[in-house]
Every structure is written in structure tokens, then in C-alpha cells.
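The residues making up each chain are set out below.
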Amino acid sequence: MVVKSDMKENNDDSEIVILKKEVKKKILELDYVENPLETLEFIDSIQRLGVSYYFENQIEVVLKNICNKFHEENNDDGDLYVVALRFRLVRQQGYYMSCDVFNKFTNNEGKFKESLFNDIRGMLSLYEASQLRVHGEKILDDALIFTTNHLESGAKTSKLSSHISNQVNHALKNPIRKSLQRRQARHYMSLYHQISSHNEHLLALAILDFNLLQKLYQKELSDLTRWWKKFDYERRQSFSRERIMDCYFWTFGVFFEAQTSHIRLLMSKLIALLTLVDDIYDNFGTFQELHLLTEAIQRWDMCLIDQLPEYIQPCYKEILNLYTEIGEFTKDKSYCLSYAKKGFQELVKGYFEEAKWLHQKHNPTLDEYMPIALVTAASPLLIAISFIGMPNVVTKDSMNWIFSHPQPKSVRTLSIVGRVLNDIGFHQWRERRTEKVDFSAVDCYIRQYGVEEEEAIQRLKEQVSDSWKDLNEECLYPNNMNIPMPLLMRVLDLSIKSETQ
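Residues numbered from 1 in each chain as written. Predicted model: local features only at pLDDT ≥ 70, side-chain atom pairs only at ≥ 80, totals over all residues. Heavy atoms only, no water.

The name that an unreviewed UniProt entry assigns to the protein chain is Terpene synthase, with the source organism given as Cannabis sativa. Regarding the protein chain, the UniProt comment filed under Sequence similarities (unreviewed entry) reads as follows: "Belongs to the terpene synthase family. Tpsb subfamily." (UniProt positions renumbered as here; feature names shortened; annotations may be inferred.)

Turning to the overall build of the protein chain, a few remarks are in order. Along its length, the protein chain carries 22 helices and 0 strands. By the compact-globule yardstick of 23 Å for 501 residues, the protein chain fits well, its C-alpha radius of gyration being 24 Å. With the principal axes as the frame, the protein chain shows a C-alpha extent of 75 × 65 × 45 Å. Scored against the burial criterion, the 501 residues of the protein chain give a buried share of 54%. (Helix = DSSP H or I, 4+ residues; strand = E, 2+ residues; numbered from the N terminus. Rg over C-alpha atoms; globule rule 2.2 N^0.38 Å. Buried < 20%, exposed > 50% of the residue type's maximum accessible area, 1.4 Å probe, protein only.)

Attention shifts here to the pattern of salt bridges. Under the counting rule described, the total for this entry stands at 20 salt bridges. In this structure, lysine 219 engages aspartate 223 in a salt bridge whose closest nitrogen and oxygen atoms are separated by 3.1 Å. Separated by 4 residues within a single helix, lysine 219 and aspartate 223 lie in helix H9 (residues 200–231), roughly one turn from each other. Between aspartate 423 and arginine 419 there is a salt bridge, with the nearest N and O atoms lying 3.3 Å from each other. You can see aspartate 423 and its partner arginine 419 sitting in helix H19 (residues 409–429), 4 residues apart, about one turn around the helix. Accessibility assignment for this pair places aspartate 423 and arginine 419 in one class, buried. A network of salt bridges, in which partner residues are shared, links Asp44, Arg48 and Arg88. (Salt bridge = Lys/Arg side-chain N within 4 Å of Asp/Glu carboxyl O.)

This model, assessed by the stated rule, comprises 26 aromatic pairs. Ring geometry for phenylalanine 287 and phenylalanine 352: centres 5.2 Å apart, planes at 20°, overall stacked. Taken together, the residues span a long stretch of sequence, with phenylalanine 287 in helix H13 (residues 287–299) and phenylalanine 352 in helix H15 (residues 335–360) at a distance of 65 residues. With relative accessibility at 29%, the residue phenylalanine 287 sits in the partly exposed group. An aromatic cluster is defined as three or more aromatic residues linked by ring pairs; in this entry it consists of Tyr53, Tyr54, Phe55 and Phe256. Looking at arginine 121, its charged tip hangs above the ring of tyrosine 81, at a distance of 3.8 Å from the centre. (Phe/Tyr/Trp six-rings, centres within 6.5 Å; stacked < 30°, edge-to-face > 60°. Lys NZ or Arg CZ within 6 Å of the ring centre and 35° of its normal.)

On to the domain arrangement of the protein chain. According to the domain assignment, the protein chain consists of domain 1 (10–205) and domain 2 (232–500). One C-alpha centre belongs to domain 1, the other to domain 2; they are set 33 Å apart. The interface is formed by 20 residues belonging to domain 1 together with 22 residues belonging to domain 2. Carbon and sulfur atoms supply 60% of the area that domain 1 and domain 2 bury against each other, a total of about 2000 Å² over both sides. Taken as a group, His135, Arg177 and Lys178 account for 32% of the area that domain 1 buries against domain 2, more than any other trio of residues on that side. (Domains from an automatic or database assignment. Contact = heavy atoms within 4.5 Å. Buried area = accessible area lost by both parts, 1.4 Å probe.)

The next point concerns helix H16 (residues 366–376). Counting along an α-helix, one turn takes 3.6 residues, and residues three or four places apart therefore face a common direction. Among all positions of H16, only Leu366, Tyr369, Met370, Ile372, Ala373, Leu374 and Thr376 are buried. Of the residues trailing H16, alanine 378 is marked for its positive phi of about 70°.

Glancing now at the packing of H9 against helix H11 (residues 244–252). Each pair of packed helices can be described by the angle between their axes along with the distance between the axes. At a minimum axis distance of 10 Å, the contact between H9 and H11 shows a crossing angle of 140°. On the basis of the axis angle, H9 is oblique to H11. The handedness of the crossing between H9 and H11 comes out as right-handed. Between H9, through Tyr217, Glu220, Leu221, Leu224, Trp227 and Trp228, and H11, the contact on the second element is made entirely by Ile244, Met245, Tyr248, Phe249 and Phe252. Its residues placed into classes, the contact of H9 with H11 shows 10 nonpolar, no polar and 1 charged. (Axes fitted to C-alpha atoms, helices over the stretch in contact; angles between N-to-C directions. Parallel < 35°, antiparallel > 145°, perpendicular 65-115°, else oblique. Left-handed = near helix turned anticlockwise from the far one by under 90°. Nonpolar A, V, L, I, M, F, W, Y, C, P; charged D, E, K, R; others polar.)

Counting residues in each nonpolar core, the largest one holds 106 residues, and the members touching the most others are Tyr316, Ile319, Tyr323, Phe344, Ile385, Phe387 and Met399. Examining the composition of this core, we find that 13 residues originate from one element, helix H12 (residues 261–284), more than from any other. The residues touching phenylalanine 344, leaving out its near neighbours within four places in the chain, are Leu270, Leu274, Val277, Ile297, Trp300, Ile319, Tyr323 and Leu381. Membership of the second largest hydrophobic core comes to 63 residues, among which are Ile43, Ile46, Ile120 and Leu124. (Core = buried A, V, L, I, M, F, W, Y, C linked by side-chain atoms within 4.5 Å.)

Considering the arrangement of structural elements, one finds asparagine 392 in the loop between helix H17 (379–388) and helix H18 (396–402). Separated by 59 residues in sequence, asparagine 392 and lysine 333 place their C-alpha atoms 9.9 Å apart.

The next thing to look at is the side chain of aspartate 470. One can find aspartate 470 in helix H21 (residues 453–474). One buried charge, aspartate 470, has no salt-bridge partner; the nearest side chain with opposite charge is lysine 409, at 4.3 Å. A polar contact is formed between the side chain of aspartate 470 and the side chain of histidine 135, at a distance of 2.7 Å. If we ignore the near neighbours within four places in the chain, the residues touching aspartate 470 are His135, Lys409 and Thr413. (Lys, Arg positive; Asp, Glu negative; His and termini not counted. Polar contact = N/O pair within 3.5 Å; in protein donor to acceptor, adjacent residues only side chain to side chain.)

This brings us to helix H5 (residues 120–130). Counting buried residues in H5 gives 10 out of 11 residues, a clear majority hidden from the surface. Every buried residue of H5 is listed here: Ile120, Gly122, Met123, Leu124, Ser125, Leu126, Tyr127, Glu128, Ala129 and Ser130.

Locating arginine 133 in the fold gives a position in the loop between H5 and helix H6 (138–155). In terms of polar contacts, arginine 133 uses its side chain to reach the backbone carbonyl oxygen of serine 130, at 3.0 Å. Those residues in contact with arginine 133 that lie beyond four places of it in its chain are Arg91, Leu140, Asp141, Leu144, Ser465, Lys469 and Asn472.

Turning to the packing of H15 against H16, a few remarks are in order. At a minimum axis separation of 8 Å, H15 and H16 run at an interaxial angle of 140°. Classified by the angle between their axes, H15 and H16 sit oblique to one another. Crossing geometry of H15 relative to H16 is assigned as left-handed. Between H15 and H16, the contacting residues are Glu346, Leu347, Gly350, Tyr351, Glu353, Glu354 and Trp357 on the first element and Glu368, Tyr369, Ile372, Ala373, Val375 and Thr376 on the second. Taken together, the residues that form the contact of H15 with H16 break down as 7 nonpolar, 2 polar and 4 charged.

Mapped onto the fold, isoleucine 263 is located in helix H12. In this structure isoleucine 263 comes out as buried when scored by relative accessible area, which is 3%. Taking the C-alpha atoms as reference, isoleucine 263 lies 9.9 Å from phenylalanine 387; in sequence the two are 124 residues apart. Excluding residues that lie within four positions of it along the chain, isoleucine 263 makes contacts with Phe255, Phe329, Ile385, Ile388 and Gly389.

Below, the structure written as C-alpha cells:
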């Protein structure tokens, strides 16, 4: 491994400071009234290049002013590309803008005009905007269908250049709203430098930031691999999966910034241990052994370790050790640890309920399956850990919110997206490997409603789509939950990761 000298690292840090200053200067010079397109595109580029976390305050001021100006003047001037771009940026920032801005692009029958077919840039912009729709916005439901059909059709013809065709195909698979920031940044860098009006300082900042973070990720992964090898559970138990790299990659999809290094490592360890626990419940443990483990997790006491089967003891010990480490991380807000424990305890109770079905050879209906499946999606635990990673924002009220009843829509969205899409993929794959689990949301839907597999999958995908509308709605000001927007953005990031895993 090549290690840069301290002098070189200091030079990189100095360059980042200079580049940030130049980009900030450019943001402050933006004039939306005189040049709305330049303003919108520059803010969009900052976000898509993955460096918006350097300029959160400046971006907030620009987009809030744009939103206020629009509502004051009710001016929807602009072509489809501009109107849709403005709509997306404002809603991404958490501000409401009516979907009525798109009415002017429809005909007397309420359908989008055929004249838009050849406006690929506008169609792409509308497609991306439609991803932020909420319930009751039929025009955006129609927009998603309209743009998807025509973009897919256009990409299959020779009418589009290879460059545009690649952009279209990428957007169809990875819409901005549902893309991980690091993956989006890497892709957009390759596009941004081809734009003649691109800002050199912004591009240089994005490249340098990306490369410096890659070096940090490499070091963290090395540290994490050392921890895993020291734990050495895979060698001792043939049933466990070696997925430490997957666990890490999953985590930095949510926490990618340099300052989140510690929580990134803690969360990676937690997910690795959850994978082991999941394997014990699904594949290896007897019913009595699982009962003992479930009870031990509820009581959370190292003194209980000798009551557990020998092969489970190292895993139980490491779970408690990790939570001691989490406790040190949260010592300034000690209440956080109890919520992290509660998330783990509720999760294993859900695992045990599924184990009961297997033990009793019970095939659940969808109504029986989903309440348990949404627990075993681990959403409250993952959200609690992600909130812990934001000590300057998290409060006891926000931790209470995670576990409130009825379950908050945002939390439920993460559960539905993660569980249902995972179950659909598992059902379609049909290769059972060593899992004893032989039920999924698809199986349960078919069992309850007596429909064919294709219809069951389509109905479940509609549930996922509706859940995204719930999340989009809760990520708009004002929300009646009093949950700070940065925390809701973590729930959004978790949902995106669950959608793309």
C-alpha cells in the first residue's frame, strides 16, 4: 500500500480549503433573477458531485429564496427542463412546490403534450422530478409513466447519441432521488467535465474530495477486516457468511463523510454481527437454542453467556462488547444506548417469531407475516444507530419517535422497502442455498389472495411505491413530527440503500 507523506496530505487539505473558498464565492455570486438556469444547474451539480455537505448553509439560502420568490410571484416561466429541475431541487431541500407547475405541459385531456417527445433533456428532468411525488399528485404519477415509457423507447433506437443514451439508461436504473451519493458522484464526474460550461473549481474539488475519501475508506476497511479476523467467527462456524466488505459498503452508502468515520465503523460491525445472528436463527440454531439466545438478548447480561450453546457464545460476547463501544461513543447523550439496545432486542424477538413458524411448520398469510417481517427488517435499530451518528442533532424526542406507535411513516417506509424488495428478489431467485426459511412476502401474498406470482409481485411493488410517497411527504416542511430534517435525511439514505442493495 502506498502511503502519502504528511506533507502531501497537508497539501491536499490546503487545496481543499482553497477550492471550497472558490466554490462558495461562486454560490454567493449566483443571481437567480438574472440567470435562473445557471443558478439551478450550479446547485444541482454541487449536489450530484457529492460535495454539497461543504455548502449546506449556502445551498439552503439559495433554494429557500427560490422557493419564496416562486410563491410570491407565482411565476412558472421556463421550459420543461427548467421547471422540473427547479421543482426537484426545491422539494429535495424539503420545501413544498405544487405539482400544478406541470399543468402547462399537458393538453386539454390532461395528457402530456406530444411535442415533448423530442425534448430528451426536459423528459429526463421531468422523470427525476416525478420521483419526489406524494399521495394525490396524479400528474406526477402520469409523468413517471409517460417519461419512463418514452425514455426507454428512445434509448432503444439509434436516434440518440451514445452519450445521451447512456445518461438515459443510467437515470432509468438509478434516479437521483434513489441513488447513493457516492455512486452518483462518481458517475456524474464523468459527465460534468464534458459540459462546456462546467466550473473547474467545483470539478477539482469533487475529484479531490472523492479521492481523499477513498483513501480513508481503504484504511477503515483494513481496520474492520482486522477486527473481523480477530473475531474469527467464520473459521469456527461453517454456516456463517463472510460479508464484512458488504457490511462496510452498505454503511458508507449512509455515512460517507470524513467526519462520520467512527459511526461508519460501529455500524459496519453491527451489521456484520446482525448477519451472524440472522444466520443462527435462519439456518443453524435449534428451537431451544434460539429460545436461550432470545432470552439472553432480552436480559443483556454477560453472566448469561455460559447458559448459551458454545458456538453462540463468541457472537453474544461480541455483541455486548460492541454495545460497550457504542456506549463510549454516546457518553455525552447516554440515553441513546438504551434505544440502540431496544432496537436489537425487538429485532431478535421478531427472528424468534419466524423461528416459531418454522418449528410449527406454519405457513403464514400476508396479514400474519408482514407485522413480523417489518420488525425483522431491522429499521428501528438501523435508524437509531444512524441518529446516534449525529450527536449534534439527535434528541431524546427523536429517539422516542423511532419506536412510537403507530410506527411513523418514514420508519415504515424503510421497513417496507427493505423487506418487500428483498423478499421479491429472494422469491424470484428461488435458489434456497442453506436457508431453512421458505416463506416471503410473495409466498404469503399468493397464499392469502390466491393470485398468480406476477400479480403478487406487482401488488407488492405498488406498496413500495406508495411507501416512497409517504417518505417524500414526511421529508417536506413543515412536518408535524418535529424531527430535524438532517435526521430524516438519514432515514432517506437508509431507504435508498435498502432499495439499491
